Structures are given as C-alpha cells and as structure tokens.
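Given next are the chains, with one letter for each unit.
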Amino acid sequence: MLLKLLILDRDGVINYDSDAYIKSVEEWIPLPGSIEAIAQLSKAGWTVAVATNQSGIARGYYDLATLDAMHERLRSLVAEQGGEVGLIVYCPHGPDEGCDCRKPKPGMLQSIAAHYNVSLTNLWFVGDSLGDLEAAKAVDSQPVLVKTGKGEKTLGKTLPVGTLIFDDLAAIAAELIHN
Ligand SMILES: O=P(O)(O)OC[C@@H](O)[C@H]1O[C@@H](OP(=O)(O)O)[C@@H](O)[C@@H](O)[C@@H]1O
Ligand SMILES: [Mg+2]
Ligand SMILES: [Zn+2]
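Residues numbered from 1 in each chain as written. Chains lettered and ligands numbered in written order. Predicted model: local features only at pLDDT ≥ 70, side-chain atom pairs only at ≥ 80, totals over all residues. Heavy atoms only, no water.

- As recorded by an unreviewed UniProt entry, the protein chain carries the name D,D-heptose 1,7-bisphosphate phosphatase and is attributed to Pseudomonas violetae.
- UniProt's Sequence similarities (unreviewed entry) comment on the protein chain is quoted here verbatim: "Belongs to the gmhB family."
- Quoted straight from UniProt, the Subcellular location (unreviewed entry) entry for the protein chain says "Cytoplasm". (UniProt positions renumbered as here; feature names shortened; annotations may be inferred.)

What follows is the structure, given as structure tokens:
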C-alpha cells in the first residue's frame, strides 16, 4: 500500500515565524488550525514529516536541546488531538557552510523520502518561502505555497511552474482528506 506522505516546512507553516528567529519553546506558537490539521491528516492515514532550516543553531541563537524541546512540544500538541508527527529533519547549518541539507537544496526532502522508502515525484512539500518551493522543484516534488508566515511575501516572487497555493495548512488538510 502506497504511503501517504506529506512533508511540511516548519516556521511560517506550522508555527508563527519571526524575522528574529524562533529562539525558544515560548516563542514557538502554533498557527491557528495547524495542530488540528496535522492531527486530522494523521488520523486520516497520512504520515506528516517536517523539513526545516534552522540556521539559528549555527548563528548561536539557540541550541539543539531547545530545538528538540520545540519539536517535543509539536509532537505533544498533535498527540493531544489523537494524531502523531513523523520524522522531523532540520538543517542546523549557516548559509555559508555549503551543506547539502539547507533549502533550497533538496537534501532534507531526499532524506525523508529515503527514510520512508517513497518516491519524491509529485510528493507534496508545503512551505512559505521560495526556497521551500525550489527545493521541491529540484527533486520533482510538488511545491505547495501557504499564505501564512512569509507566504504572502513569497507570492510576489516568481514561483516554480505548477506551484499550488493554499491559504493555510488547514486548507491543505481539507483538500487532502476530502479528495
Ligand atoms: O521556515 P523554516 O525552514 O522552518 O525555518 C526558517 C527559520 O530557520 C528562519 O530562517 C531564516 O532564514 P536564514 O536561515 O537566516 O536564511 C529567517 O527567514 C528567519 O526569519 C526564520 O525564522
Ligand atoms: Mg518557513
Ligand atoms: Zn545543512
């Protein structure tokens, strides 16, 4: 049976983003409807994974223990709604380190697809930044833009051909669960 896998960007898709980075669990605040959306998708048989740039680690704004605490918070909130979060992959590197995992490079998408042994082709990757969409396009996945976080600003840029656009994660969940 084909695994129903959905990959999400984190900041600006699941939780509020900030130009000052999300530096603590207290600053990590879910966007309206995002926890419920993930739980509903999970309960409908979807595996929901996360691919997130976290250059704040390289910049020294917060440490790995804090990042893990944010992700434990995400997991517990979704669990409270009866759902679960799959693999969370992050890039802790800075823009100048030349790593393979920092979006718009597709390394994190490739890692997640390999973990679940699924094809990246047409796999939906949901993000709010152009780099998210470009990462998806690079591996023939389906770029999906949400208008939350930096999404409205990203809308003004030249998007990869075929990018799907939704208001928020709740709208994506409704689309995937009911179609
Ligand atoms: O949206 P995801 O990938 O989950 O995470 C984005 C964050 O890592 C941060 O990425 C930074 O970009 P730089 O890494 O400084 O280019 C800035 O855009 C911050 O506002 C943002 O919080
Ligand atoms: Mg983002
Ligand atoms: Zn990296």
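Text resumes after the structure shown.
What about the pattern of salt bridges?
Now for step 1: The final tally for this structure, using the stated rule, is seven salt bridges.
Now for step 2: With a shortest N-O distance of 2.6 Å, Lys150 and Asp17 are connected by a salt bridge. Taken as a pair, Lys150 in the loop between β5 (142–146) and α6 (151–155) and Asp17 in the loop between β1 (4–8) and α1 (34–43) lie far apart in primary sequence, 133 residues in all.
Now for step 3: Relative accessible area serves as the criterion here: at 28%, Asp17 is assigned to the partly exposed category. (Salt bridge = Lys/Arg side-chain N within 4 Å of Asp/Glu carboxyl O. Helix = DSSP H or I, 4+ residues; strand = E, 2+ residues; numbered from the N terminus. Buried < 20%, exposed > 50% of the residue type's maximum accessible area, 1.4 Å probe, protein only.)

Overview of the packing of aromatic side chains
Now for step 1: Summed over the entire model, instances satisfying the criterion amount to two aromatic pairs.
Now for step 2: Taken together, a centroid distance of 4.9 Å and an interplanar angle of 70 degrees make the contact between Tyr21 and Tyr61 edge-to-face. One end of the pair, Tyr21, is in the loop between β1 and α1; the other, Tyr61, is in the loop between α2 (55–58) and α3 (64–80), with 40 residues separating them in the sequence.
Now for step 3: Classification of Tyr21 as partly exposed rests on a relative accessible area of 25%.
Now for step 4: Residue classification places Tyr61 among the partly exposed positions, given a relative accessible area of 40%.
Now for step 5: Centroid distance Trp124 to Phe166: 5.8 Å. Interplanar angle 45 degrees. Geometry classified as tilted. Highlighted residues: Trp124 in strand β4 (residues 124–127) and Phe166 in strand β6 (residues 164–166), separated in sequence by 42 residues. Summarising the burial analysis for this pair, Trp124 and Phe166 share the class buried. (Phe/Tyr/Trp six-rings, centres within 6.5 Å; stacked < 30°, edge-to-face > 60°.)

Comments concerning the coordination of the zinc ion (ligand 3)
Now for step 1: Those protein atoms acting as donors to the zinc ion (ligand 3) are Cys91 (SG), His93 (ND1), Cys99 (SG) and Cys101 (SG), and they sit at 2.0 to 2.3 Å.
Now for step 2: Taken together, the four donor atoms coordinating the zinc ion (ligand 3) span angles of 103 to 117 degrees at the metal, a pattern that classifies the geometry as tetrahedral.
Now for step 3: Here the donor residues of the zinc ion (ligand 3) share one chain and are spaced in sequence as C-x1-H-x5-C-x1-C.
Now for step 4: On the basis of relative accessibility, which here comes to 0%, the residue Cys91 falls in the buried class. (Donors = N, O, S within 2.8 Å, 3.2 Å for Na, K, Ca; no water. Tetrahedral: all angles 85-135°; square planar, octahedral: opposite > 155°, others 65-115°.)

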